[in-house]
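Residue-level structure breakdown
Take a look at the letters that make up each chain.
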Amino acid sequence: VREVKRFARPGEYIKIVYVCDGCENYYHKGDIFLVTRSHQGTLDGCVNVKGISIAMHPKEYVVLEGYRP
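Overview of the structure.

Scoring rules and cut-offs
Residues numbered from 1 in each chain as written. Predicted model: local features only at pLDDT ≥ 70, side-chain atom pairs only at ≥ 80, totals over all residues. Heavy atoms only, no water. Phe/Tyr/Trp six-rings, centres within 6.5 Å; stacked < 30°, edge-to-face > 60°. Helix = DSSP H or I, 4+ residues; strand = E, 2+ residues; numbered from the N terminus. Buried < 20%, exposed > 50% of the residue type's maximum accessible area, 1.4 Å probe, protein only. Lys NZ or Arg CZ within 6 Å of the ring centre and 35° of its normal.

Re the packing of aromatic side chains
- With the rule as written, the count across this model stands at two aromatic pairs.
- A centroid spacing of 5.0 Å and a plane angle of 65° characterise the contact between Tyr 13 and Tyr 67, whose relative ring orientation is edge-to-face. With a gap of 54 residues between them, Tyr 13 in strand β2 (residues 13–16) and Tyr 67 in the segment after β6 (61–65) connect regions that are remote in the sequence.
- With relative accessibility at 17%, the residue Tyr 13 sits in the buried group.
- Judged by centre distance (6.3 Å) and plane angle (80°), the rings of Tyr 27 and Phe 33 are edge-to-face. As far as burial versus exposure is concerned, Tyr 27 and Phe 33 are alike and both buried.
- Lys 5 extends its terminal NZ or CZ atom over the ring of Tyr 61, reaching a point 5.7 Å from the ring centre.

Without other data, these values stay purely geometric and don't point to any function.
Shown next as structure tokens:
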């Protein structure tokens, strides 16, 4: 599995590498999530993931290329 620093697309898996202040109750460094939605425009790179209702900023994740759960 390759960890790549780029914007994620729906259907890809991401790994959390940094947790923004105030989000510690939702996810932790090292957590892996399936991306369900990506944002464009003013929120470029922000994504929603399965099981969490807040968007994650691109500085918080890396894309896991080739990852299969």
